[in-house]
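Understanding the architecture of this molecule
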Amino acid sequence: MKFKRRSKHKSGIDMTPMLDIIFLNLIFFMAASTFDIDRSLKIDLPGSFIAESSISRDKIYIEIDDKQNLALNGISIKMADFYNALNENDIKEGTTAFIFGDSGADYKSIVDIIDILKLSGITNISLVTKNKEN
């Protein structure tokens with residue numbers, strides 16, 4: 001005599017689609033988020049309607065405040081030592097330099113920094129600003 005097996009019905013909610021949505025949201029927020037670089041100088045960036053938002057930690061970044069204090073990748077240096085300190089970094093072709101200039105920084109200092117960057121072979125230079133509200 002053959003007995004029929006009763007099929008057991010699973011009760012519960014299938015969690016697979018919900019986990020897929022959670023992981024897709026996680027990937028979206030990781031890719032869309034921007035990270036603020038830890039700056040060593042207190043700088044009040046000037047405003048711009050089109051502000052730079054793609055700053056990476058593996059690039060060269062220069063900070064100059066309103067008292068003409070200079071920092072290269074978070075390390076304070078003097079303007080006279082800037083060229084030598086810059087050349088100690090591994091500068092590859094296509095390296096981008098981001099300049100965080102305070103709104104009260106001396107224009108001549110910014111131009112001097114750009115000149116030294118170009119002498120070192122860095123032609124991709126970006127002046128970083130903050131978003132300006134209307």
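Residues numbered from 1 in each chain as written. Predicted model: local features only at pLDDT ≥ 70, side-chain atom pairs only at ≥ 80, totals over all residues. Heavy atoms only, no water.

Things to note about the packing of aromatic side chains
- Across all of its chains, the model carries 2 aromatic pairs by this definition.
- Judged by centre distance (5.2 Å) and plane angle (70°), the rings of Phe 28 and Phe 29 are edge-to-face. One exposure class covers both Phe 28 and Phe 29, and it is exposed.
- Ring geometry for Tyr 61 and Phe 100: centres 6.1 Å apart, planes at 80°, overall edge-to-face. Remark: Phe 100 occurs in strand 5 (residues 96–101) and Tyr 61 occurs in strand 2 (residues 60–64); sequence separation between them is 39 residues. (Phe/Tyr/Trp six-rings, centres within 6.5 Å; stacked < 30°, edge-to-face > 60°. Buried < 20%, exposed > 50% of the residue type's maximum accessible area, 1.4 Å probe, protein only. Helix = DSSP H or I, 4+ residues; strand = E, 2+ residues; numbered from the N terminus.)

Some details on the nonpolar core
- In terms of nonpolar packing, the biggest core is built from 17 residues, with Ile 62, Leu 72, Phe 82, Leu 86, Ile 113 and Leu 117 touching the most fellow members.
- Among the elements of the structure, strand 2, strand 3 (70–72), helix 2 (82–88), strand 5 and helix 3 (107–119) are those that each provide at least two residues to this core.
- Tallying contributions element by element places helix 3 first for this core, with 4 residues.
- Beyond its immediate stretch of four places on either side in the chain, Leu 117 contacts Ile 62, Phe 82, Leu 86, Ala 97, Ile 99, Ile 122 and Ile 125. (Core = buried A, V, L, I, M, F, W, Y, C linked by side-chain atoms within 4.5 Å. Contact = heavy atoms within 4.5 Å.)

Focus: the pairing of strand 6 (residues 124–127)
- In terms of strand pairing, strand 5 meets strand 6 through 4 bridges, oriented parallel. Bridge assignment links Thr 96 to a residue of strand 6, and that residue is Asn 124.
- In the classification by handedness, the crossover that spans strand 5, the intervening helix 3 and the parallel strand 6 is right-handed. (Pairing = 2+ DSSP bridges. Right-handed = clockwise from strand over helix to strand, strands pointing away.)

Some details on the environment of Phe 82
- Its place among the elements puts Phe 82 in helix 2.
- The spacing of Phe 82 and Leu 70 is 12 residues in sequence and 8.5 Å in space, taken between C-alpha atoms.
- Other than its neighbours up to four places away in sequence, Phe 82 contacts Ile 62, Leu 70, Leu 72, Ile 77, Ile 113, Ile 116 and Leu 117.

A look at a nonpolar patch on the surface
- Where nonpolar side chains cluster on the molecular surface, the patch consists of Ile 13, Met 15, Met 18, Leu 19, Ile 22, Phe 23, Leu 26 and Met 30 and spans about 830 Å² of accessible area.
- Structurally, Met 18 is set in helix 1 (residues 16–32). (Patch = residues over 30% accessible without salt bridge, like charges linked within 9 Å, V, L, I, M, F, W, Y side chains within 5 Å. Areas by Shrake-Rupley, 256 points an atom, 1.4 Å probe, with all protein chains shown as cover. Salt bridge = Lys/Arg side-chain N within 4 Å of Asp/Glu carboxyl O.)

Details of the sheet that holds strand 3
- A sheet is described by the order of its strands in space; here 5 strands give the open sequence 4-3-2-5-6, paired in mixed fashion. One side of each edge strand has no neighbouring strand; the edge strands of this open sheet are strand 4 (75–77) and strand 6. Direction aside, the axes of adjacent strands within the sheet are offset by 25° on average.
- Bridging between strand 3 and strand 4 involves 3 bridges; their strand directions are antiparallel. Of the residues in strand 4, the one forming a bridge with Leu 72 is Ile 75.
- Contacts from helix 3 reach strand 2, strand 3, strand 5 and strand 6, with the element oriented near 170° to strand 5. (Axes fitted to C-alpha atoms, helices over the stretch in contact; angles between N-to-C directions.)

Looking at the environment of Asn 73
- Within the secondary structure, Asn 73 is located in the loop between strand 3 and strand 4.
- A relative accessible area of 27% means that Asn 73 is categorised as partly exposed.
- Each C-alpha atom, one on Asn 73 and one on Ile 60, is 6.2 Å from the other, the two residues being 13 residues apart in sequence.
- In this structure, Asn 73 is in contact with Lys 59, Ile 60, Tyr 61 and Asn 89, ignoring residues within four places of it in sequence.

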